[in-house]
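# Commentary on secondary and tertiary structure
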Amino acid sequence: MRAGVFITLEGIEGVGKSTHALYIRERLEQHGFQTVLTREPGGTKTGEAIREILLHATSSPISDLTELLLIFSARAQHLQEIIIPALKANKVVICDRFTDATYAYQGGGREIDRQQIQILEAFVQEGLKPDLTILLDTPIEIGLGRANHRSKADRFESETVNFFQRVRQEYLELARSEPERIQVIDANRPLQQIQQDIDSILAARKLC
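If you're wondering where the values come from, they're calculated on a predicted model, not measured in any experiment.

## Some thoughts on the overall build of the protein chain
- The helix and strand tally for the protein chain stands at eight helices and five strands.
- Against the globule reference of 17 Å for 208 residues, the protein chain gives a C-alpha radius of gyration of 16 Å, in line with a compact fold.
- The C-alpha extent of the protein chain, read off along each of the three principal axes, is 45 × 40 × 30 Å.
- Counting every position in the protein chain, which comprises 208 residues, the buried fraction comes to 50%.
- Considering only contacts within the protein chain whose residues lie at least 6 apart along the sequence, 80% involve residues at least 24 apart.
- Carbon together with sulfur atoms contributes 51% to the accessible area of the protein chain, which is approximately 10300 Å² in total.
- Positive and negative side-chain charges in the protein chain, numbering 25 and 29 respectively, have mean positions lying 3 Å apart.

## Regarding the pattern of salt bridges
- The tally for this structure, following the rule as stated, stands at 15 salt bridges.
- In this structure, the salt-bridge partner of arginine 181 is aspartate 100, at a minimum N-O distance of 2.8 Å. Here aspartate 100 lies in helix α4 (residues 99-109) and arginine 181 lies in the loop between α7 (161-177) and β5 (182-186), a separation of 81 residues in the sequence.
- Since its relative accessible area comes to 7%, aspartate 100 is described here as buried.
- In this structure, arginine 114 and glutamate 170 form a salt bridge, with 3.0 Å as the shortest nitrogen-oxygen distance. With arginine 114 in helix α5 (residues 114-125) and glutamate 170 in helix α7, this residue pair connects regions lying 56 residues apart in the sequence.
- What makes arginine 114 partly exposed here is its relative accessible area of 38%.
- On the accessibility criterion, glutamate 170 (18% relative accessible area) is buried.
- Beyond isolated ion pairs, a larger network of salt bridges with shared partners links Asp64, Glu67, Arg110 and Glu159.

## Topic: unusual backbone geometry
- The residue after glutamate 40, namely proline 41, is reached through a cis peptide bond having omega -15°.
- In the Ramachandran plot, asparagine 90 falls in the positive-phi region, its phi being about 65° despite a non-glycine side chain.
- Mapped onto the secondary structure, asparagine 90 falls in the loop between α3 (64-88) and β3 (92-96).
- With phi around 50°, glutamate 126 is a residue other than glycine that occupies positive phi space.
- Here glutamate 126 lies in the loop between α5 and β4 (132-137).

Cut-off values and rules
Residues numbered from 1 in each chain as written. Predicted model: local features only at pLDDT ≥ 70, side-chain atom pairs only at ≥ 80, totals over all residues. Heavy atoms only, no water. Helix = DSSP H or I, 4+ residues; strand = E, 2+ residues; numbered from the N terminus. Rg over C-alpha atoms; globule rule 2.2 N^0.38 Å. Buried < 20%, exposed > 50% of the residue type's maximum accessible area, 1.4 Å probe, protein only. Contact = heavy atoms within 4.5 Å. Areas by Shrake-Rupley, 256 points an atom, 1.4 Å probe, with all protein chains shown as cover. Lys, Arg positive; Asp, Glu negative; His and termini not counted. Charge placed at Lys NZ, Arg CZ, Asp CG, Glu CD. Salt bridge = Lys/Arg side-chain N within 4 Å of Asp/Glu carboxyl O.

On their own, these measurements won't tell you what the molecule is for.
Here is the structure:
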């Protein structure tokens, strides 16, 4: 039986997921929780190899279906090797992206049939979902502007503005459909204000 808490962070490029994941880990550890900080795609040696293919493969095109299957392959390994054991050990897992990203990027962005994603989700996750998802939201042009200043654009960051508009819209639709789990934070504000919102969300879950 799982006993821990599963927290995910979501959002388009440039919203600060990695920064805020580190902040959440620090706050939870200050309050005595054992944490595991991880990311998707990735988190394991196998997953990181798949991540490299997904983000940086340029020698030949990757079909949308191949992309989807690679993501769930990495996720299956991630769950069995990292996430499920940590939850069973009563730890808090903090994950930079999870299945909401698949619905947003592959469902919204790539326009893959939602039912195909649902079938893979049920098969790979067997009902496991995050307890809390923090969706960091910002206008497309701001997020992409930050990401482009950070490093050379990867496969996803090189997509069109219309692609990211679909991704953002899908994220917001997911948040509207699961308001208890998915908490939306305006990421186009000073860092301190965002962290105050995160503290309030964690406190409401008795984690801070």
